[in-house]
Amino acid sequence: MPLPTVEEQRRIVSRLDAIAEKVEEAQQLRKRTDKERESLMAAVVAKAVGAFGVQDKLCSALVGAPKNGWSPRRDNDPAGTPVLSLSAVTGFRFRSTEFKTTSESVPPESPYWLSQGDLLITRSNTADLVGHVAIYDGDPKRCLYPDLMMRIPVDRSRADVRFIYWWLRSTPARDFVRSRAKGTNPSMAKISQQTVMDIPMPVLPHIEEQRRLVALLDSLQNSVDGLARKQLATSDELAALLPTVLDHAFRGDL
């Protein structure tokens, strides 16, 4: 390995420490921006939808109580049945790659099979992540949802599923869920079926008005996602910067 004089070593170390500090500051700023983006979307939803008056409960838009899933023994059998992992409904996005498989037999009439468009909510997670929602997009096919989630049976004759999804991301809904989440483990919190049914929400506007608001919110989310992708690309470049700097430093070019 190269071994310059002690003074030169100290000069290089000082420069590297300064650069590493700046890279870390940039990475922390990106993480804060991620949280601020989610807070912004939650506030926008609350303002757009809350204009109808938060005078009702989620149960008024359902055809029954939310139902817990089932968690069979998962052995990752390549030919087995997919069972969603908790991370599949984290961050208000459905992540189709987050599942394991089970070789246990599942009857065709099982109530735990998912259908495309089903609205899922996490019933147990950390305090910040419990109550996150996502819509199953049909992939993987013939998929089960686990016990740590609930399926929310939306009354589709009165409510657009994405309207309910957006409202459950709003500030009033999230604040309510956090206030009702309980657990003996400090790192994990749980919500009950009743808590989900009691989530405050506006009186449902006409379904066409719901769809209009959904289109606006989806468009805004797409714009925010575009900015996030650009920021992620910058973050990846920053992550690759330090090894390059180290290479130059040990060649005597710093």
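In the block above lies the structure referred to throughout.
Novice: Help me understand the overall build of the protein chain, please; the structure alone is not making it clear to me.
Specialist: When you go through the protein chain residue by residue, the secondary structure sums to 5 helices and 12 strands. Residue burial in the protein chain is summarised as follows: out of 254 residues, 40% are buried. Contacts spanning at least 24 positions in sequence make up 80% of the contacts within the protein chain whose residues lie at least 6 apart. Summed over its atoms, the accessible surface of the protein chain is roughly 14000 Å², and 55% of this surface lies on carbon and sulfur atoms.

Novice: Would you explain the environment of Ala48 in this entry?
Specialist: Position of Ala48 among the secondary structure elements: in helix H1 (residues 6-50). Taking the C-alpha atoms as reference, Ala48 lies 8.9 Å from Leu217; in sequence the two are 169 residues apart.

Novice: Sorry, what's going on with the nonpolar core here?
Specialist: If you look at soluble globular proteins, the nonpolar side chains tend to sit buried side by side. Leu119 and Ile164 are the most contacted members of the largest nonpolar core, which has 36 residues in total. Within the residue set of this core, elements represented by two or more residues are H1, strand S7 (119-122), strand S9 (133-135), strand S10 (149-152), helix H2 (161-168), helix H3 (171-180) and helix H5 (207-250). Sequence-distant contacts of Leu119, defined by excluding residues within four places in its chain, comprise Val133, Ala134, Ile135, Met150, Arg151, Ile152, Val154, Val161, Ile164, Tyr165 and Leu168. Among the nonpolar cores identified, the runner-up in size contains 11 residues, and Leu120, Tyr136, Cys143 and Tyr145 belong to it.

Novice: Looking at this structure, how should I read the side chain of Ser124?
Specialist: As for its placement among the helices and strands, Ser124 is situated in strand S8 (residues 124-125). Since its relative accessible area comes to 3%, Ser124 is described here as buried. Excluding anything up to four places from it in sequence, Ser124 contacts Leu86, Val130, Leu148, Met188, Ala189 and Lys190.

Novice: Explanation requested: the sheet that holds strand S2 (residues 67-68) in the structure shown.
Specialist: Backbone hydrogen bonds hold the strands of a sheet together, and the pairing may be parallel or antiparallel. Across the sheet, which stays open at both edges, the 4 strands sit in the order S2-S10-S7-S9 with antiparallel pairing between neighbours. Because the sheet does not close on itself, it has two edges, and the strands there are S2 and S9. Strand direction decides the pairing type here: S2 and S10, joined by 2 bridges, are antiparallel. Looking at S10, one finds that Lys67 is bridged to Arg151.

Novice: What is the right way to read H2 from this model?
Specialist: An α-helix turns once per 3.6 residues; consequently, residues spaced three or four apart project the same way. The element H2 is largely enclosed, with a buried count of 7 among its 8 residues. What H2 keeps buried is the set Val161, Phe163, Ile164, Tyr165, Trp166, Trp167 and Leu168. Among the residues of H2, the N-terminal cap falls to Asp160, whose side-chain oxygen and the backbone nitrogen of Arg162 are separated by 2.8 Å.

Novice: Is there a simple way to explain the environment of Gly69 in this structure?
Specialist: As for its position among the elements, Gly69 is in the loop between S2 and strand S3 (81-84). On a C-alpha basis, the gap between Gly69 and Pro146 in space is 4.5 Å, while along the polypeptide they are 77 residues apart. Ignoring any residue separated from it by four or fewer positions in sequence, one finds Gly69 in contact with Tyr112, Tyr145, Pro146, Asp147 and Met149.

Novice: For this particular structure, what's the right way to read H3?
Specialist: Along H3, the positions that sit buried rather than exposed are Ala173, Arg174, Phe176 and Val177. The arc that holds the buried residues of H3, viewed along the axis, is 160°, so those residues lie on one side. For H3, the elements touching its buried residues are H2, helix H4 (193-197) and strand S12 (200-201).

Novice: Sorry if this is basic, but what is going on with the side chain of Gln221 here?
Specialist: Summarising the element assignment, Gln221 is placed in helix H5. A residue is classified by how much of its surface remains accessible, and Gln221, at 9% relative accessible area, is buried. At 3.1 Å, the side chain of Gln221 and the side chain of Arg169 are in polar contact.

Novice: Mind showing me how you'd approach the pattern of salt bridges here?
Specialist: Any two side chains of opposite charge can pair, so long as their charged atoms come close to each other. Summed over the entire model, instances satisfying the criterion amount to 10 salt bridges. Measuring nitrogen to oxygen at the nearest pair gives 3.6 Å for the salt bridge that ties Asp160 to Arg211. Here Asp160, found in the loop between S10 and H2, pairs with Arg211, found in helix H5; they are 51 residues apart in sequence, far enough to count as distant. The partner of Arg211 in a salt bridge is Glu208, and the shortest N-O contact between them spans 3.1 Å.

Novice: Looking at this model, I keep getting lost on the packing of aromatic side chains. Mind explaining?
Specialist: Each aromatic ring pair is summarised here by two numbers: the centre-to-centre distance and the angle between the ring planes. This model, assessed by the stated rule, comprises 4 aromatic pairs. Relative to Tyr136, the ring of Phe94 lies with its centre 5.5 Å away and its plane at 85°, an arrangement referred to as edge-to-face. One end of the pair, Phe94, is in strand S5 (residues 93-94); the other, Tyr136, is in the loop between S9 and S10, and 42 residues separate them in sequence. By relative accessible area, which is 2% here, Tyr136 ends up buried. A connected cluster of aromatic rings, assembled from ring pairs, spans Trp70, Tyr112 and Tyr145. Above the plane of the ring of Trp113 lies Arg142, whose end atom (NZ or CZ) is 3.9 Å from the centre.

Reading guide: rules and limits
- Residues numbered from 1 in each chain as written.
- Predicted model: local features only at pLDDT ≥ 70, side-chain atom pairs only at ≥ 80, totals over all residues.
- Heavy atoms only, no water.
- Helix = DSSP H or I, 4+ residues; strand = E, 2+ residues; numbered from the N terminus.
- Buried < 20%, exposed > 50% of the residue type's maximum accessible area, 1.4 Å probe, protein only.
- Contact = heavy atoms within 4.5 Å.
- Areas by Shrake-Rupley, 256 points an atom, 1.4 Å probe, with all protein chains shown as cover.
- Core = buried A, V, L, I, M, F, W, Y, C linked by side-chain atoms within 4.5 Å.
- Pairing = 2+ DSSP bridges.
- Polar contact = N/O pair within 3.5 Å; in protein donor to acceptor, adjacent residues only side chain to side chain.
- Arc of directions from axis to C-beta.
- Salt bridge = Lys/Arg side-chain N within 4 Å of Asp/Glu carboxyl O.
- Phe/Tyr/Trp six-rings, centres within 6.5 Å; stacked < 30°, edge-to-face > 60°.
- Lys NZ or Arg CZ within 6 Å of the ring centre and 35° of its normal.

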